[in-house]
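# Survey of secondary and tertiary structure
Listed here are the chains, written in short residue letters.
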Amino acid sequence: MSRADHLLSSIAGAIGNTPLIELSRITKELGGRILAKAEYMNPGFSKKDRIALQMIEDAENDGLLKPGQTVIELTSGNTGTGLAIVCGVKGYHFIAVMSKGNSIERARMMAALGAEVVLVNQLPGSKKGQVSGGDLELVEKETQRLTRERGAFRTDQFRLKGNFRAHYLHTGPEIINQAGCKIDAFCDFAGTGGSFAGCAAAFKENNPAIKCYIVEPATAAVLAGEKVTNPNHRIQGGGYLMKNLEMLNPEHIDGYVKVTDEEAVATARRLAKEEGVFAGFSSGANVFAAMQLLENEHRGQTIAVLLNDSGLKYLSTDLWV
Ligand SMILES: Cc1ncc(COP(=O)(O)O)c(C=O)c1O
């Protein structure tokens, strides 16, 4: 049953079961197929609604989150928006701690949804719209301080299994069921690595032959073991220079694809113009990576990707100008 077929007791019931769309216009000259999961159609306009719901419900079920307790998270905005929605309808106060380098729409949306938003200054020399590993360390310190001060439950998306489970139990299996055809590969831009890890585990369980690739910023491909030439890329939500992501199972990584800022931007713009898909930088990165795979080792095959969040989240950036 689709979520539109019955009455929902809250907006949380509208999380997940997003459409899977074939990007046949963008692949016309390439051959092969790209199947894109429209995660920007979640209530908070990103895939992170899924992990927000899963982490909160796992913590409730495990007795780790008590009624009335404050919830806190370090966020680039998307997980925070999901948590603001889920905490809002479940009655938890939520604090979102975010770098000033992330786009302002995200902070405004979280605040509108009832969250307490704490913005952390970037390192001297960092650019707006480019959140570096160093910037993220400052946000982490502030999150730890506030967690202690407020006795809050931290929905730590880098560690809590709910991040992995949301995609392992739902996103991956939904793609397999909706595709109705053999999937040859999956590629995914990594932040926490949660969506890569969860989907890759579901895909490999379904068919071990499905190849899974991590997508990284071209100048900061640390997971591929490369030297960082510029930590300040523009693909928000990942590429944080963290070599060890707890979520990732090395056995599920078949390779790495690098994408430049320009390629991610150009592809996000093509998605909007040619496919009517209004998504953000990292969705552009995922689709560009899939196009690379179709031009090389996966010629003529079928690649699955996630469209991580909405282009509306970047109206204050130069993505659309
Ligand atoms: C827009 C966007 N793309 C990609 C990612 C990376 O997803 P994951 O943390 O599952 O690796 C995030 C994470 O915050 C994100 O917000």
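Refer to the structure above for everything that follows.
Sequence order sets the numbering: in each chain, residues are counted from 1 along the sequence as written. Local features in a predicted model are, by the rule used here, given only for residues with pLDDT of at least 70; side-chain atom pairs are given and counted only at 80 or more, and totals for whole chains, interfaces and linings are based on all residues. With hydrogens and water stripped out, all remaining heavy atoms of the structure feed into the side-chain values.

### Some details on the pairing of strand 10 (residues 302-307)
Within a regular beta strand, the side chains point alternately toward one face of the sheet and then the other, so they alternate between its two faces. The element strand 10 is extensively covered by neighbouring structure, given that 6 of its 6 residues are classed as buried. Three exposure classes are used, based on accessible area relative to the maximum for each residue type with a 1.4 Å probe and protein chains only: buried under 20%, partly exposed in between, and exposed over 50%. Helix and strand assignments come from DSSP, with helices taken as H or I runs of at least 4 residues and strands as E runs of at least 2, each series counted from the N terminus. Neither face of strand 10 is exposed, since Thr302, Ala304 and Leu306 on one face and Ile303, Val305 and Leu307 on the opposite face are all buried. Strand pairing is defined by DSSP finding a minimum of two bridges between the two strands. Taken together, the 6 bridges between strand 2 (residues 33-38) and strand 10 define a ladder with parallel strand orientation. Bridged to lysine 37 within strand 10 is leucine 306. Two elements, strand 7 (residues 185-189) and strand 10, share 2 bridges in a ladder whose sense is parallel. The residue bridging alanine 185 from the neighbouring strand is isoleucine 303, located in strand 10.

### Thoughts on the nonpolar core
Side chains of a nonpolar character, in soluble globular proteins, are inclined to be buried together. Buried Ala, Val, Leu, Ile, Met, Phe, Trp, Tyr and Cys residues form a nonpolar core when they are joined through side-chain atoms within 4.5 Å. Val97, Phe186, Phe196, Phe203 and Leu248 are the most contacted members of the largest nonpolar core, which has 37 residues in total. Where this core is concerned, the elements lending two or more residues are strand 3 (71-74), strand 4 (94-99), strand 5 (116-120), helix 4 (133-150), helix 5 (161-179), helix 6 (194-206), strand 8 (211-217) and strand 10. Of the residues forming this core, the biggest block, 5 residues, is contributed by helix 6. One finds Tyr40, Ala279, Leu307 and Leu319 within the second-largest nonpolar core, a separate group that totals 34 residues.

### Description of the environment of glutamate 251
Mapped onto the secondary structure, glutamate 251 falls in the loop between strand 8 and strand 9 (255-259). Residue classification places glutamate 251 among the exposed residues on the basis of a relative accessible area of 69%. Here the alpha-carbon distance between glutamate 251 and leucine 20, two residues 231 residues apart in the chain, equals 26 Å.

### Brief notes about the site of the ligand
Whether a residue is near a molecule or strand depends on its heavy atoms: it is near if one of them lies within 4 Å of it. Around the ligand sit 17 residues, and of these Lys48, Gly191, Thr192, Gly193 and Ser282 come closest. In protein, a polar contact means a hydrogen-donor-capable atom and an acceptor-capable atom, both N or O and within 3.5 Å, with residues adjacent in sequence counting only if both atoms are side-chain atoms; elsewhere, any N or O pair within 3.5 Å suffices. One nitrogen or oxygen atom from the main chain of glycine 193 is found 2.8 Å from an oxygen atom belonging to the ligand. What sets the accessible areas is the Shrake-Rupley method with a 1.4 Å probe; for residues, cover comes only from the shown protein chains. Protein chains bury 98% of the 390 Å² of accessible surface belonging to the ligand in isolation. Each residue belonging to the shell around the ligand can be placed in one class, and the counts come to 3 nonpolar, 11 polar and 3 charged. Residues are grouped as follows: nonpolar covers Ala, Val, Leu, Ile, Met, Phe, Trp, Tyr, Cys and Pro; charged covers Asp, Glu, Lys and Arg; every other residue, Gly included, is treated as polar.

### Things to note about the environment of lysine 47
Inspection of the secondary structure assignment puts lysine 47 in the loop between strand 2 and helix 1 (48-61). With 231 residues separating them in the primary sequence, lysine 47 and phenylalanine 278 have C-alpha atoms 14 Å apart. The contact rule is simple, with two residues in contact once any of their heavy atoms fall within 4.5 Å. Aside from chain neighbours lying at most four places away, what touches lysine 47 is Glu39, Asn42, His167, Asp188, Phe189, Ser195, Leu306 and Asn308.

### Quick look at the sheet that holds strand 4
Judged by pairing direction, the sheet is parallel, and its 4 strands sit side by side in the order 5-4-3-6 without closing on themselves. Strands with a single pairing partner mark the edges of an open sheet, and in this sheet they are strand 5 and strand 6 (153-154). Pairing of strand 3 with strand 4, which is carried by 4 bridges, proceeds in the parallel orientation. Directly across from valine 71, in strand 4, lies its bridge partner phenylalanine 94.

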